[in-house]
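So you can see what is in the structure, the chains are spelled out below.
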Amino acid sequence: MSKQISAIRGMNDIYGLQSQAFSTVLAGAEQVLQQYGYQQIRLPIVEKTELFARSIGEVTDIVEKEMYTFSDRNGDSLSLRPEGTAGCVRAMIENGLLHNQVQKVYYSGPMFRHERPQKGRYRQFHQFGVEVFGLEGPDIDIELILLSARLWDALGLENLELQINSLGSQQARADYREQLVRYLTQYQDQLDEDSQRRLHTNPLRVLDSKNPAMAEIVAGAPKLIDALDEASRHHFDQVCSALDSLGIEYVVNPNLVRGLDYYNRTVFEWVTTELGAQGTVCAGGRYDGLVEQIGGKSTPAVGFAMGIERLMALLVDQQKIVETPSADIFIVLAGPSTLQPGLVMAEMLREALPNQTVVMNCGGGSFKSQFKKADKSGARYALILGDDEVAKQQVTIKSLREDAEQKTLEWDQLISFFTVDKKHN
Ligand code: ATP
Ligand code: MG
């Protein structure tokens with residue numbers, strides 16, 4: 001045997017229960033987004049490195065040390081996308097989709113970051129993202145929070161906490177940044193290595209430190225929310241009062257800053273305590289300056305991204321996904337003349353009963369072993385075709401879940417057995 005080849009660390013195969021959970025999250029999210037009138041957009045996985053450097057920011061963790069960057073055959077520097085917003089903004093500008101129009105879009109797919117793999121943190125992971133362009137008021141911030149809340153409901157997820165904050169205007173943020181650097185510099189010796197590095201490159205990120213040893217210093221830091229400009233304060237108040245009147249619970253977390261450079265005003269996260277340190281399942285906010293920064297006409301924008309793997313883990317942990325046996329009808333073939341009529345029968349059933357899973361025994365086997373497979377498949381009914389049945393154009397139906405007599409039907413009665421009498425479905 002040849003030596004096995006393993007997958008790349010932090011890049012997972014998703015199968016079985018996990019795969020079911022993946023589809024559940026994705027289908028649920030698509031359904032909710034369609035209900036709110038959003039359009040799907042499909043974006044490339046690879047973009048020019050410059051796009052991410054310019055949008056996410058040169059001094060962010062992502063661009064500094066997490067991107068999968070390579071030069072392609074012409075020597076251009078390309079990167080696997082670490083997130084979806086930058087590519088989405090590029091696509092909006094490049095396709096002229098922002099001229100005097102509002103865009104509300106969603107997308108999903110794999111993202112790549114060279115982080116230390118651990119529970120809830122992978123090198124290839126999947127996001128479901130939503131972005132809205134052309135609206136500057138708090139109404140749309142509120143809509144995004146509402147639709148994410150609706151999704152948790154639809155998925156049956158419990159114990160998610162909404163945290164919100166405001167980062168104010170670019171100017172208020174720049175002023176605050178100076179204040180914060182002054183404050184942190186007093187504790188320079190006590191800062192951990194990451195925080196020391198961030199002190200001058202990306203000081204707001206120190207507030208977001210995951211190191212408990214930093215907690216006390218962070219707690220005493222001046223608060224951005226106390227330094228908000230008038231307009232941002234008003235915007236934030238409107239978001240909060242709408243959430244109050246809609247009965248959406250939230251906490252204002254003054255240390256919520258987001259890892260990426262481009263956010264302003266409203267930021268929010270949905271957080272659970274059930275996944276250990278990787279508790280944020282959804283994160284987003286407003287990024288009014290980004291479109292212009294990437295070369296478009298100044299356009300307000302707001303969005304969020306959900307980590308699909310983290311939501312999958314929650315669904316499985318909270319037992320919202322149970323491994324369901326997949327078949328409804330299992331066809332047992334007992335005899336040399338049964339293969340072709342069996343195939344015809346299976347196709348006929350699939351045509352007439354599109355919501356039922358019809359499995360035909362493949363790979364032969366004794367009557368007994370086929371019955372074992374039928375039972376394991378979870379099917380409610382076994383259809384038995386023997387040479388005798390084929391000769392008489394009949395089929396035997398046996399209930400696998402109830403104690404009922406088996407029945408013999410003519411072939412042309414079969415569909416009505418499953419459709420007319422609804423109790424069989
Ligand atoms: P964190 O602080 O956990 O590193 P982040 O601020 O880097 O998160 P975002 O860039 O805002 O995360 O991504 C949005 C969401 O995507 C996160 O809230 C999380 O659910 C998910 N996510 C981010 N990075 C990873 C990863 N490496 N593996 C799995 N999911 C991830
Ligand atoms: Mg991160």
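Just above sits the structure.
Cut-offs used in this document
Residues numbered from 1 in each chain as written. Chains lettered and ligands numbered in written order. Predicted model: local features only at pLDDT ≥ 70, side-chain atom pairs only at ≥ 80, totals over all residues. Heavy atoms only, no water. Disulfide = S-S within 2.5 Å. Buried < 20%, exposed > 50% of the residue type's maximum accessible area, 1.4 Å probe, protein only. Near = heavy atom within 4 Å. Polar contact = N/O pair within 3.5 Å; in protein donor to acceptor, adjacent residues only side chain to side chain. Areas by Shrake-Rupley, 256 points an atom, 1.4 Å probe, with all protein chains shown as cover. Axes fitted to C-alpha atoms, helices over the stretch in contact; angles between N-to-C directions. Helix = DSSP H or I, 4+ residues; strand = E, 2+ residues; numbered from the N terminus. Parallel < 35°, antiparallel > 145°, perpendicular 65-115°, else oblique. Left-handed = near helix turned anticlockwise from the far one by under 90°. Contact = heavy atoms within 4.5 Å. Nonpolar A, V, L, I, M, F, W, Y, C, P; charged D, E, K, R; others polar. Salt bridge = Lys/Arg side-chain N within 4 Å of Asp/Glu carboxyl O.

1. Some thoughts on the state of the cysteines
A covalent bond between the sulfur atoms of two cysteines is referred to as a disulfide.
Argument step 1. By the definition in use, this model includes zero disulfides.
Argument step 2. Counting only cysteine sulfurs, Cys282 is the nearest neighbor of Cys88, a cysteine outside any disulfide, at a range of 15 Å.
Argument step 3. By relative accessible area, Cys282 is classed as buried at 1%.

2. Comments concerning the site of ligand 1
Argument step 1. Residues in close proximity to ligand 1 total 15 residues, the closest being Arg113, Glu115, Arg121, Arg258 and Thr280.
Argument step 2. At 2.7 Å, a side-chain N or O of Glu115 approaches a nitrogen atom of ligand 1.
Argument step 3. Separating an oxygen atom of ligand 1 from a side-chain N or O atom of Arg121 is a distance of 2.8 Å.
Argument step 4. Protein contact buries 94% of the 590 Å² of open area that ligand 1 shows by itself.

3. Regarding the packing of helix H1 (residues 16–35) against helix H5 (residues 138–155)
Argument step 1. Look at H1 against H5: their axes get within 10 Å of each other, and the N-to-C directions meet at 135 degrees. Between H1 and H5, the crossing angle belongs to the class labelled oblique. For the element pair H1 and H5, the recorded crossing hand is right-handed. Residue-level contacts link Thr24, Val25, Gly28, Ala29, Val32, Leu33 and Gln35 of H1 to Leu147, Arg150, Leu151, Ala154 and Leu155 of H5.
Argument step 2. Class assignment of the residues belonging to the contact of H1 with H5 gives a composition of eight nonpolar, three polar and one charged.

4. Quick word on the pattern of salt bridges
Argument step 1. Evaluation of the coordinates by the stated rule reveals 18 salt bridges.
Argument step 2. Between Lys320 and Glu158 there is a salt bridge; the shortest N-O distance is 3.0 Å. Within this pair, whereas Lys320 is found in the loop between helix H11 (308–317) and strand E12 (329–334), its partner Glu158 is found in the loop between H5 and strand E7 (161–166), the two being separated by 162 residues in sequence.
Argument step 3. Given a relative accessible area of 33%, Lys320 falls into the partly exposed group.
Argument step 4. A relative accessible area of 42% places Glu158 in the partly exposed class.
Argument step 5. A salt bridge links Arg350 to Glu347; the shortest N-O distance between them is 2.8 Å. With a gap of three residues between them, Arg350 and Glu347 both fall in helix H12 (residues 339–352), about one helical turn apart.
Argument step 6. Residue classification places Glu347 among the partly exposed positions, given a relative accessible area of 47%.
Argument step 7. Connected through salt bridges with shared partners, the residues Asp61, Arg198, Arg205 and Asp208 form a single ionic network.

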